[in-house]
Amino acid sequence: MFVELDLQSEVPIYTQLVEQIIEGIARGQLKPGDPLPSVRSLAADLGINLHTVNKAYQIMKQEGFLQIHRKQGVVVQSGGMPGVTAEFEAKLERQLKALAAEGVVRGMQEETFVRSCLDVFRQLQGNSGKEDS
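What you see is a predicted model; the values in this text were computed from it and never measured. (Residues numbered from 1 in each chain as written. Predicted model: local features only at pLDDT ≥ 70, side-chain atom pairs only at ≥ 80, totals over all residues. Heavy atoms only, no water.)

Time to look at helix H3 (residues 50–63). Given a rise of 1.5 Å per residue, 14 residues ought to cover 20 Å, and the 20 Å separating the end C-alpha atoms of H3 matches this to within 8%. Every buried residue belonging to H3 is among Thr 52, Val 53, Ala 56, Tyr 57 and Met 60, and all of these are buried. End-on, the buried residues of H3 take up no more than an arc of 130 degrees, which puts them together on one face. Counted as exposed and oriented over 90 degrees from the buried face of H3: His 51 and Gln 62. As for H3, its buried residues are in contact with helix H1 (13–27), helix H2 (39–46), strand S1 (66–69) and strand S2 (73–76). The N-cap of H3, judged by a side-chain oxygen 2.7 Å from the amide nitrogen of His 51 a few residues on, is Asn 49. Gly 64 lies just past H3 and shows a positive phi near 95 degrees. (Helix = DSSP H or I, 4+ residues; strand = E, 2+ residues; numbered from the N terminus. Expected span 1.5 Å × (residues − 1). Buried < 20%, exposed > 50% of the residue type's maximum accessible area, 1.4 Å probe, protein only. Arc of directions from axis to C-beta. Contact = heavy atoms within 4.5 Å. Polar contact = N/O pair within 3.5 Å; in protein donor to acceptor, adjacent residues only side chain to side chain.)

For the rest of this paragraph, the subject is the domain arrangement of the protein chain. Here the domain parsing of the protein chain yields domain 1 (13–76) and domain 2 (86–130). Just the C-alpha atoms count here: the centres of domain 1 and domain 2 sit 25 Å apart. (Domains from an automatic or database assignment.)

Glancing now at the layout of surface pockets. It is the rolling of a water-molecule-sized probe over the atoms that shows where space remains empty. If you add up the space inside the largest pocket, you get close to 1700 Å³. Lining the largest pocket we find 34 residues, and of these Ile 22, Phe 88, Leu 92, Gln 95 and Leu 124 sit closest to its centre. Put simply, the parts of the chain that give the lining of the largest pocket at least two residues each are H1, H3, helix H4 (86–105) and helix H5 (110–125). Tallying contributions element by element places H1 first for the lining of the largest pocket, with nine residues. Here the residues of the lining of the largest pocket sort into 20 nonpolar, eight polar and six charged. Formed jointly, the lining of the largest pocket draws a minimum of three residues from each of two domains, domain 1 (13–76) and domain 2 (86–130). (1 Å grid on protein atoms, 1.4 Å probe; cavity = no way out; pocket = protein on both sides within 12 Å on 5 of 7 lines; lining within 4 Å. Points joined across faces, edges and corners; volume = space filled by probe spheres on them. Nonpolar A, V, L, I, M, F, W, Y, C, P; charged D, E, K, R; others polar.)

Looking now at H1. Here H1 contains 15 residues, and its C-alpha end-to-end distance of 21 Å stays within 8% of the 21 Å for a straight helix at 1.5 Å per residue. Restricting attention to buried positions, one finds in H1 the residues Gln 16, Leu 17, Val 18, Gln 20, Ile 21, Gly 24 and Ile 25. Looking at the packing, one finds that the buried side of H1 touches H2, H3 and S2. Count one or two residues on from H1 and you reach Gly 28, which has phi positive near 85 degrees.

Attention shifts here to the nonpolar core. Grouped together as the largest cluster of nonpolar side chains are 19 residues, with contacts concentrated most on Leu 17, Ile 21, Leu 36, Val 53, Tyr 57 and Leu 66. If you list the elements that add at least two residues to this core, you get H1, H2, H3 and S2. When sequence neighbours within four positions are dropped, the list of residues in contact with Tyr 57 reads Ile 21, Leu 36, Pro 37, Ser 38, Val 39, Leu 42, Leu 66, Ile 68 and Val 74. (Core = buried A, V, L, I, M, F, W, Y, C linked by side-chain atoms within 4.5 Å.)

Next comes the structure, spelled out in structure tokens:
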């Protein structure tokens, strides 16, 4: 699997795991219905506690990205991904506000900040070479 954790990061390991699995879905590396490793298997592969993997999987299940079946195991949601909600928009604003504030303090230009946001979004969409409509 494509997960790379930074064990020295201030970001909790389960959060890194959630973010990287969602990025894998966004990039098309994981498709609806694809199986994920079992909690024990992924924990062993990454060298982390199985409760950490379980927490990440449970969060993703609650948010609608994964399905957990007794017999099939953990699979990427096949009934459609969760849509944009007010909660997601509030989370997005909080996270962007923190990044924008740091950019302002560091002297970053608005155009650079916006361009970086667009570049990342387009890379994940697979549209990095397309121009704005």
